[in-house]
Amino acid sequence: MKITLSANELRSFLASHPSLEDVPISILNGKPISISDVLRLGKVTFEFPSDDEIWELALEYCSRILTKYPEKKLFLMTREGAVELSVIDRIEHLRKRTEIGKILHKMYKTFLTEIFRWMSLAVRR
Amino acid sequence: MPYEDRFMLVAPHYDDTAIWFCMVWGSYIEKVAKFNLNCNTKVLKYNITKEMIESEIPRFDPKVFYAIGHGKENSYQGWINACENDDLLAGRICNFLSCLTGKELGSSAVSKGCLAYIGYNEVFGWVDSEYPPFGRYHWTWMDFNLITSYILRGFTVREAVEKTKKRITDWMEFWDVVMEDPDVVQAIINDLNALVIHGDENAKTEGFEPLFHEVAIFPIGPDEESDEYIYVRIGLTCQVDDCDLTNVSIKVLDEGLNQVSSATVDSRIGGINFARVAIPKSALNTMAASTTFTIIADIGGIHGTAVGFVKVSSRLPVTLTGYVWKYYRNELGEIVIEPATNARVYDYWKTFEAITDENGKYEVVVPARTYYMCSSLEGWLGFCTAVPVSPTPTTQFRARCDGFVIPYAPDGHTQLLLGVDVQWLPIWPPGWGELGKTNFEVPDWKVVFWLDGVNYGNAKDVMSPLYWVNHSISFASAIITNVPEGKHELRIDYEGYYIVSEPEKDYYTKTLDISGTFSYYGCALFKRKESEDICIRVFDAVTLDSMPNIKLELLDESNTVIATTRTDRLGHAWFTDLPIANYRIRATIPGYRELITDVLKANEIWGVYLPVIPEGRLKVRVNSNIQHYLKIGDERIMANGDFYPLPGTYTLTVPRLVIEEQKVPPDILTHMFASWWDGDASTSKEVYLGRDMELSESYRSAPRLIIRAVGKGSVNPSPGVYYRELNESLLISAGPNLLYWDVDGERVYENTINLIMDKNHTVTAYFSPIEYTLQISSTEGGITDPPPGTYRYPEGSTVTVRAIPNDGYEFDYWQLNGEILIDNPISLTINKDLSLTAYFTPIAPPITRRIGIFLIPIAIGAILELKRRTS
């Protein structure tokens, strides 16, 4: 999936979803970029990341929220039972690509899918 | 009038998180169903069995079935396994707030006659900042309960899901736009996307209108703070509709129930209303770790009184001083200790950081309540230890191995969660990554748990899943399912390791009596060895500085010196290769009081902190039945233990009231100060400390009483929060129009109730809603929706009326009790009898038609004139 937004469309998208400003959404030149990075770089077309890239993006995302929301915990009701994950735990699971890491990967992919859907709606508007 | 369609809630407990997941969220919908929707409700929770569920479903025959708890693709909580007995759901509308069950279980149940199945296709997740989940994020996820609530009210399954999605989307907007928190947005998206419906989306119950509109009031976290105030955002949600609660007043009361602040609801996103209260810092109980404020919104009408709580942590900072060392065995097997110089130390959440000096020492001022936290040393895996200024460091055990049993599971079976926990190595090196080089080796995380291998072979060889081993490498566990109740022999095989209590064995055995009570056992896990080492750290009790080059003597039980050693430059010393026996350690240091330890057991103690007291200082032991609340002069004593003041006169102060949360789920415990050791009951006293002594103060229980009123009526004592004496007898009465009391979840119909304050109580008086008449009429040329007629609505409810003109007419205006209004549709808040008339007028004809209409008489006139003239 490829998406193209004008700078104005991106700005208006961020105005209605300010929380997504620093969420890594794509890989550019091997580096994760967020929507604000996209704006800064003046890049208007970017692609939905591959599954492999999503591992990297999810890891980058957790690293970013570690400083912003250090107290955050994620609770997951997994097949094997309830899991309480600190942001550091999440980073470890993503790094090691454990079973829980795979759940986190899937969650992030769903998150990105929704962000891209919202962005495509912003274009249509 | 009882609800004909029955409702059944199933929420078995499984583990700590699920207890909250099931109990807190489950209890809320239980309350709504029983007390507000008046449903015939059956609840199965806590230690329920598979047989109980299977026998109760056909007997109770619920139309709506709500299951909360763990799930897999084709199973729920061990009750349904591989879609085997989901035919019991036939003829019912089912909502499973349970992971993954939307994948297979939902379609299977529908294929066997289930009317509709609401479930989740993915793992259900939620965010919180504290555990148990009563943090700022809690209410967002609890609103997933609304699905069941809407179904019970008669909405179709599709409508119930859509309306709930709308509420959750409102929450998402809040977290996105107001709080700018992408992590919550991510988790909400995950859950909304996972939500699926199988079967008939139009399935519905006969429905029942709620008697009242329950309002939840809760904090959504502090926003910011100034020198004088802590600003807390408060949320209010009507649990029935998206009611607009703008301008509702909120009172904030301190623990002494004095009003300290007020606010007004000033904004809303969909069904979520917000206010911002400014809590003065002067109202914080500086001696308590936190202060619990009561927030009350006395909305009145069908919304009644909403009572909630805001817990604010003490703002008093604490100075932390600690040392960080690296310990490891070198390639020759020697123990090496080095200061971690220039190391960046940070607590678990990176909320504070410090740099160690050349001796590995750091000092940092941290907010209150973080004093106990371990620190992490960057570049090393796991924890190292922060040695706080207070409390006084004490001897700690070197390892712990905990296994615990969760006995609550269906089918007379249980789920057994086994764990190996090696946390709390107080002076353990940060070098967990150096496994194999240390005295204590962590097993390779493939601990084999055996459970009654002969009689219950399925449980053999359960490998601890690696992903449980988290960043602290402290916990490995395995879950064994379907363990029958009764006695079982548990064997935990740690090859090369032994358990303290059974050092002669390579494995740990224990008879487990798996029954209906939560049981817990612990054991220490050590590497198998014939002799042991004891590591000692000697430091100045007042300055906490290390004491280098100190001579230490090891005494046997008859106080005979059997070995000596000296501390190194870091204050550390070792006695190595000790036979397993009891010992004491003695230190005689010029300028310090002589130190002799209590008995140490070589195979149980690995590390010992030895504070030595400078001469001239006193050793004062603080002892209280409630910890952390004593102030001596300006110093707050963080825990029971010793401190070392100079002789002198000191002012001792304690708070009048202490509120604590304990256990899982937390029990709110409240305590009133009772007296000092000498019987004095004043909260502040002066005392001369001139010798070693023990200070103690005691508190007595003061159970909390919450009184609420829903609907219009009087209650004595008035709605609010009270702290009473333990076992005090209280009469609480309600005025006329009382429907019933909800006393801790039980319905009571007497106007006056006699309550014994043997524990915390919550009582809610439900009064008959006051109803008013709305008379709707319309003039010729249109109708209204609802159609003209007389209606009765509960006070405070909102009604929308739409004027619908006929062809050729248009809506002109409303007349509401004589007042002219022009909005269409019109939204009315029912707070008195109302008379509403819709006025319609004919639409003026187009100009060409008008000309035609005028021309016709002219033409007729002309013809008549012509006829007259010709005749």
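The rules behind these values
- Residues numbered from 1 in each chain as written.
- Chains lettered and ligands numbered in written order.
- Predicted model: local features only at pLDDT ≥ 70, side-chain atom pairs only at ≥ 80, totals over all residues.
- Heavy atoms only, no water.
- Pairing = 2+ DSSP bridges.
- Helix = DSSP H or I, 4+ residues; strand = E, 2+ residues; numbered from the N terminus.
- Axes fitted to C-alpha atoms, helices over the stretch in contact; angles between N-to-C directions.
- Buried < 20%, exposed > 50% of the residue type's maximum accessible area, 1.4 Å probe, protein only.
- Parallel < 35°, antiparallel > 145°, perpendicular 65-115°, else oblique.
- Left-handed = near helix turned anticlockwise from the far one by under 90°.
- Contact = heavy atoms within 4.5 Å.
- Nonpolar A, V, L, I, M, F, W, Y, C, P; charged D, E, K, R; others polar.
- Phe/Tyr/Trp six-rings, centres within 6.5 Å; stacked < 30°, edge-to-face > 60°.
- Lys NZ or Arg CZ within 6 Å of the ring centre and 35° of its normal.
- Core = buried A, V, L, I, M, F, W, Y, C linked by side-chain atoms within 4.5 Å.
- Salt bridge = Lys/Arg side-chain N within 4 Å of Asp/Glu carboxyl O.
- pLDDT = per-residue confidence, 0-100.
- Expected span 1.5 Å × (residues − 1).
- Polar contact = N/O pair within 3.5 Å; in protein donor to acceptor, adjacent residues only side chain to side chain.
- Lys, Arg positive; Asp, Glu negative; His and termini not counted.

1. Things to note about the sheet that holds strand β66 (residues 809-816) of chain B
Strand-to-strand pairing in sheets goes through backbone hydrogen bonds, with the strands running parallel or antiparallel.
Residue and element names in this part refer to chain B.
Phase 1: Pairing within the open sheet is mixed, and its five strands lie in the order β64-β62-β69-β66-β67. The two strands at the open ends of the sheet, each matched to only one other strand, are β64 (789-794) and β67 (819-821). Strand-to-strand twist across the sheet, computed as the mean angle between neighbouring axes with direction ignored, equals 25 degrees.
Phase 2: Note: β66 against β67, three bridges, orientation antiparallel. Residue Leu 816 lies in a different strand from β67, and its bridge partner there is Glu 819.

2. A look at the pairing of strand β15 (residues 272-280) of chain B
All names here are of chain B.
Phase 1: Where burial is concerned, most of β15 is hidden: seven out of the nine residues are buried.
Phase 2: As paired elements, strand β14 (residues 267-269) and β15 share three bridges and run antiparallel to each other. Paired with Arg 268 across the strands is Asn 273, a residue of β15.
Phase 3: Counting the residues in the hairpin turn of β14 and β15 gives two residues, including Gly 270, whose phi is positive at 55 degrees.

3. Some remarks on the packing of helix α3 (residues 51-68) of chain A against helix α4 (residues 87-96) of chain A
All names here are of chain A.
Phase 1: Packing of α3 against α4 leaves a shortest axis separation of 9 Å and a crossing angle of 160 degrees. Classified by the interaxial angle, the pair formed by α3 and α4 is roughly antiparallel. Along this stretch, α3 crosses α4, giving a crossing that reads as left-handed. Note on element contacts: α4 touches α3 through Val 87, Ile 88, Arg 90, Ile 91, Leu 94 and Arg 95, opposite Trp 55, Ala 58, Leu 59, Tyr 61, Cys 62, Ser 63, Ile 65 and Leu 66.
Phase 2: Classifying every residue of the contact of α3 with α4 gives eleven nonpolar, one polar and two charged.

4. Describing the packing of helix α6 (residues 157-178) of chain B against helix α7 (residues 182-194) of chain B
All names here are of chain B.
Phase 1: Axis separation between α6 and α7 bottoms out at 9 Å; the angle between their running directions is 160 degrees. On the basis of the axis angle, α6 is roughly antiparallel to α7. By crossing handedness, the relation of α6 to α7 is classed as left-handed. Where α6 approaches α7, its residues Lys 165, Ile 168, Thr 169, Trp 171, Met 172, Trp 175 and Asp 176 are matched on the opposing element by Val 184, Val 185, Ile 188, Ile 189 and Leu 192.
Phase 2: Of the residues that constitute the contact of α6 with α7, the class distribution is nine nonpolar, one polar and two charged.

5. Quick word on the packing of aromatic side chains
Residue and element names in this part refer to chain B.
Phase 1: In this structure the tally under the stated criterion is 32 aromatic pairs over all chains.
Phase 2: For the pair Phe 65 and Phe 96, a centre-to-centre distance of 5.8 Å together with 40 degrees between the ring planes defines the contact as tilted. With Phe 65 in strand β3 (residues 64-68) and Phe 96 in strand β6 (residues 93-97), this pair connects stretches of sequence that are 31 residues apart.
Phase 3: Classification of Phe 65 by relative accessible area gives buried; the value is 0%.
Phase 4: On the accessibility criterion, Phe 96 (0% relative accessible area) is buried.
Phase 5: Each ring, one from Phe 174 and one from Phe 274, has its centre 4.7 Å from the other, and the planes form 15 degrees; the classification is stacked. In this pair, Phe 174 sits in helix α6 while Phe 274 sits in strand β15, placing the two residues 100 residues apart along the sequence.
Phase 6: A relative accessible area of 3% places Phe 274 in the buried class.
Phase 7: A connected cluster of aromatic rings, assembled from ring pairs, spans Tyr 137, Trp 139, Trp 171, Phe 174, Trp 175, Phe 218 and Phe 274.
Phase 8: Note that Arg 704 overlies the ring of Phe 309, its terminal NZ or CZ placed 4.0 Å from the centroid.
Phase 9: Across the ring face of Tyr 740, the terminal group of Arg 747 is positioned such that the distance to the ring centre comes to 4.1 Å.

6. Quick notes on the nonpolar core
Phase 1: Of all hydrophobic cores here, the largest spans 106 residues; its most connected members are Ile 25, Ile 115 and Met 119 of chain A together with Trp 141 and Trp 175 of chain B.
Phase 2: The leading source of residues in this core is helix α5 (residues 99-124) of chain A, at twelve residues.
Phase 3: When neighbours within four sequence positions are excluded, Met 119 of chain A is seen to be in contact with Ile 3, Leu 5, Leu 10, Phe 13, Ile 25, Ile 35 and Phe 46 of chain A.
Phase 4: Judged by nonpolar contacts, the second largest core, of 26 residues, contains Ile 217, Ile 234, Val 240 and Leu 284 of chain B.

7. A closer look at the environment of Leu 10 of chain A
Residue and element names in this part refer to chain A.
Phase 1: Looking at the secondary structure, you find Leu 10 in helix α1 (residues 7-16).
Phase 2: Given a relative accessible area of 1%, Leu 10 falls into the buried group.
Phase 3: Counting along the chain gives 29 residues from Leu 10 to Leu 39, while the straight-line C-alpha distance between them is 7.2 Å.

8. Observations regarding the pattern of salt bridges
Phase 1: Applying the stated rule across the entire model yields 33 salt bridges over all chains.
Phase 2: Notably, a salt bridge pairs Glu 60 of chain A with Arg 64 of chain A, separated by 2.9 Å at the nearest N-O pair. Residue Glu 60 of chain A and its partner Arg 64 of chain A are located together in helix α3, separated by four residues, close to a single helical turn.
Phase 3: Note that Asp 678 of chain B and Lys 685 of chain B form a salt bridge whose closest N and O atoms lie 2.4 Å from each other.

9. Structural notes on the confidence of the model for chain B
All names here are of chain B.
Phase 1: Confidence in the prediction of chain B, expressed as mean pLDDT, is 75, and 68% of residues score 70 or more.
Phase 2: Every residue in residues 500-504 scores below 50 in pLDDT, and together they form nine contacts with partners more than four places removed in sequence or on other chains.
Phase 3: Here residues 848-858 is a poorly scored stretch, pLDDT under 50, and it has two contacts once near neighbours within four places are set aside; other chains count.
Phase 4: Overall fold confidence for the complex sits at a pTM of 0.69, while the interface term, ipTM, reaches 0.91.

10. A look at the sheet that holds strand β65 (residues 798-805) of chain B
Residue and element names in this part refer to chain B.
Phase 1: In space, the three strands of this open sheet follow the order β63-β65-β68, with antiparallel pairing throughout. Strands with a single pairing partner mark the edges of an open sheet, and in this sheet they are β63 (782-785) and β68 (826-829). For this sheet, the mean inter-axis angle between neighbouring strands, taken without regard to orientation, is 25 degrees.
Phase 2: Across four bridges, the pairing between β65 and β68 is antiparallel. From the neighbouring strand, Val 801 faces β68, where its bridge partner is Ile 826.

11. Focus: α7 of chain B
Residue and element names in this part refer to chain B.
Phase 1: With 13 residues, α7 ought to run about 18 Å at 1.5 Å a step, and its terminal C-alpha atoms sit 18 Å apart, in line with that.
Phase 2: By the criterion of burial, α7 is predominantly enclosed, with twelve of the 13 residues buried.
Phase 3: Residue Asp 181 occupies the N-cap position of α7, its side-chain oxygen lying 3.1 Å from the main-chain nitrogen of Asp 183.

12. Thoughts on the side chain of Asp 540 of chain B
All names here are of chain B.
Phase 1: By the element assignment, Asp 540 lies in strand β37 (residues 531-540).
Phase 2: Despite being buried, Asp 540 has no salt bridge partner; Arg 617 is the closest side chain of opposite charge, sitting 7.2 Å away.
Phase 3: In terms of polar contacts, Asp 540 uses its side chain to reach the backbone amide nitrogen of Val 542, at 2.7 Å.
Phase 4: What Asp 540 contacts, discounting residues up to four positions off in sequence, is Asp 545, Met 547, Tyr 592, Val 612 and Pro 614.

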